[in-house]
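Here is how the chains run, residue by residue.
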Amino acid sequence: MNFATVLTVLFSALFWTSAGAAASAQSRPNGPLQIIVPYSPGSVADSLARVIAAELREHRRQPVIVVGRPAGGALAAAEAFTRADADGSKLLLVTASHVIPSTSRKTPYDPLNDFVPVATIASNEFVLVANPSLRASNLQELIALAMEKPGRLNFGSAGEFSASHLAGALFNARAGVSINHVPYKGAAPALVDLLGGHLDLSFQGPLAVLSLIREGRLKALGYGGERRSKVLPDVPTFAEGGVGGYQLKIWFGLLAPPRTPQDVADRLSAEIAKILAKPAIDRQLAEQGMETLVSDSRQFAALMKADKDRFDALLKSTDINLGR
C-alpha cells in the first residue's frame, strides 16, 4: 500500500467517524431530557422516574431532569403532552391507569394512538392497607365488617379512574361488599389521610407503605398478587384471604409525544433495557416490592392494547362499578 492510499484510507475513516458522531449528536436534543411525572412527589412513579433519570444521565452524559406535573392529574398532563415537541427531549411516565379513563368517559386523547410507546420499567401489585384503628386485621374480618356496615367504610385512591380506584372497585365486586371510594390528587395525599385516621383503607404500592407497615402505623390486610410479596411475606394474597379472581398488575412505562420518529423511540427503549439489565437496579426495585419489566416500543404498545381490552371488559361487566 503506497503513501497516497494510506492517506485516502485514513481520511475516509476520519470522515465517517466524524459523520457518525455528528449524526448521533443530531439524534439528541441540545437541551436536557425531561421525564414528566403527573403524580405527586414521593409517589412510586416519582421514585422510579428518579432512578431512571440518574442512570440515563450517566449513560448519556446529558442532563436528565424529572419534572413533576401533578396539578390537574394525569389526564391534564397527558393531554398537554400530546402537543410536546417530538424531538426526543421529553418523556411522560405513565402507569396502567393511562388506559383506564377512556373506557368510562370521553378523553381529549386516544391513550393508544396519540402517543409513541418507548419502554416499560417495572410492575407491582397493590397492598390493601388499613388504619390501625379499623376493627379488622385480615380480609375475612374486613368483609364481615363491610357487610355489617354497608356503605360506612371508605377507601382512598390516587384519583378518579386511577389504577387504585379500579383496584377498590374490583375488590368490591370480587368480595361482594360496598366500600365507598374517596378520590385524592395522588396516592401520597390519600396515604396521609389514612395515617391521620380520616380514611379506613387504601390500595397502595409496596414501596409507599413498607416502612409504615413494619413500624405498625398501618395494617396490611392483603396483597393483590398471585403469590405473596417477597418484601411482605407475612401478608396473605387476596385469594388466600377468600377473595378469588383478583388480577390487577400495575405497570410503569415511558411514552414519547405523537409523531416522534420510531428510531428515536427505539434508541431510548434500548437505553432503558440496558439500565434495567443492571443487577443493582433489579435489586433496588426488588427491595421496593417491584419487579423490572423490560419491553421495547412495540411490546409496550401490545401490552397497552391488551390491558385496555382487559380493563374494558372489567368495567363493562355488570358487577364492576367505577362510579364515585
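Residues numbered from 1 in each chain as written. Predicted model: local features only at pLDDT ≥ 70, side-chain atom pairs only at ≥ 80, totals over all residues. Heavy atoms only, no water.

Section: the pairing of strand β8 (residues 201-204)
Keep this limit in mind: Between buried and exposed lies partly exposed: a residue is buried under 20% and exposed over 50% of the maximum accessible area for its type, with that area taken using a 1.4 Å probe on protein chains only. The helix and strand labels rest on DSSP assignments: H or I over at least four residues marks a helix, E over at least two residues marks a strand, and numbering proceeds from the N terminus. When DSSP finds two or more bridges between a pair of strands, those strands are recorded as paired.
Here β8 shows a buried face lined by L201 and F203 and a second buried face lined by S202 and Q204. Note that strand β5 (residues 127-130) and β8 share 4 bridges and pair antiparallel. Bridge pairing in β8 links V129 to S202.

So, the nonpolar core
Note the threshold: Buried Ala, Val, Leu, Ile, Met, Phe, Trp, Tyr and Cys residues that are joined via side-chain atoms within 4.5 Å together make up what is termed a nonpolar core. Throughout, a contact is declared for two residues whenever any of their heavy atoms are within 4.5 Å.
If you look at the biggest cluster of nonpolar residues, it comprises 80 residues, and the most contacted ones within it are I35, L142 and F171. If you tally residues by element for this core, the top one is helix α2 (residues 44-60), at 8 residues. Every residue in contact with F171, bar those within four places of it in the chain, is listed here: L128, L139, L142, G176, V177, I179, F203, F238, V243 and Y246. One finds Y184, L194, L199 and L218 within the second-largest nonpolar core, a separate group that totals 17 residues.

Description of the packing of aromatic side chains
The test is simple: Each Phe, Tyr or Trp ring, with Trp reduced to its six-membered ring, pairs with another whose centre is within 6.5 Å; inter-plane angles below 30 degrees give stacked pairs, above 60 give edge-to-face pairs, and intermediate values give tilted ones.
Counted according to the given criterion, the structure contains 7 aromatic pairs. Measuring from ring centre to ring centre gives 5.6 Å for F171 and F238, while their planes differ by 65°; the resulting arrangement is edge-to-face. Placement of F171 in helix α6 (residues 163-175) and of F238 in the loop between β9 (219-223) and β10 (250-256) is noted, with a sequence separation of 67 residues between them. Taking the relative accessible area as the measure of exposure, F171 reaches 1% and is therefore buried. Relative to Y246, the ring of F238 lies with its centre 4.6 Å away and its plane at 90°, an arrangement referred to as edge-to-face. An aromatic cluster is present here, built from F155, F171, F203, F238 and Y246 joined pairwise through their rings.

Considerations on the packing of α2 against helix α9 (residues 262-276)
Our working definition: Only the stretch in contact is used when fitting a helix axis, every axis being a line fitted to C-alpha atoms; angles between N-to-C directions are given from 0 to 180 degrees. In these notes the angle categories are as follows: under 35 degrees is roughly parallel, over 145 is roughly antiparallel, 65 to 115 is roughly perpendicular, and the rest is oblique. Residues are grouped as follows: nonpolar covers Ala, Val, Leu, Ile, Met, Phe, Trp, Tyr, Cys and Pro; charged covers Asp, Glu, Lys and Arg; every other residue, Gly included, is treated as polar.
As a packed pair, α2 and α9 sit with axes 10 Å apart at the nearest point and diverge in direction by 110°. Looking at the two axes, α2 sits roughly perpendicular to α9. Counting all contacts with α2, which are made through I52, E55, L56, H59 and R60, the residues of α9 involved are L268, E271, I272, K274, I275 and L276. Considered class by class, the residues forming the contact of α2 with α9 number 6 nonpolar, 1 polar and 4 charged.

Here we look at the environment of A169
Within the element layout of this structure, A169 appears in helix α6. Each C-alpha atom of the pair A169 and N180 lies 9.1 Å from the other, and the pair is 11 residues apart in sequence.

A short note on the confidence of the model for the chain
Defined as follows: Confidence scores per residue from the predictor, reported as pLDDT, run from 0 to 100.
Averaged over all residues, the pLDDT of the chain equals 86, while 86% of them reach at least 70. Within the chain, no element has a lower average pLDDT than helix α1 (residues 3-26), which sits at 41, and none a higher one than β5, at 98. For residues 3-27, every residue scores under 50 in pLDDT, and the model assigns this stretch 2 contacts once sequence neighbours within four places are set aside.

Notes on the sheet that holds β9
Read across the sheet, 5 strands follow the order β7-β6-β8-β5-β9 without closing on themselves; strand pairing throughout is mixed. Sheet topology places β7 (180-183) and β9 at the edges, where each strand pairs with a single neighbour. Going across the sheet, the axis of each strand differs from the next one's by a mean of 30°, ignoring polarity. Summarising the sheet, β5 and β9 pair through 4 bridges and their orientation is antiparallel. Across the sheet, V127 pairs through a bridge with Y223, a residue of β9.

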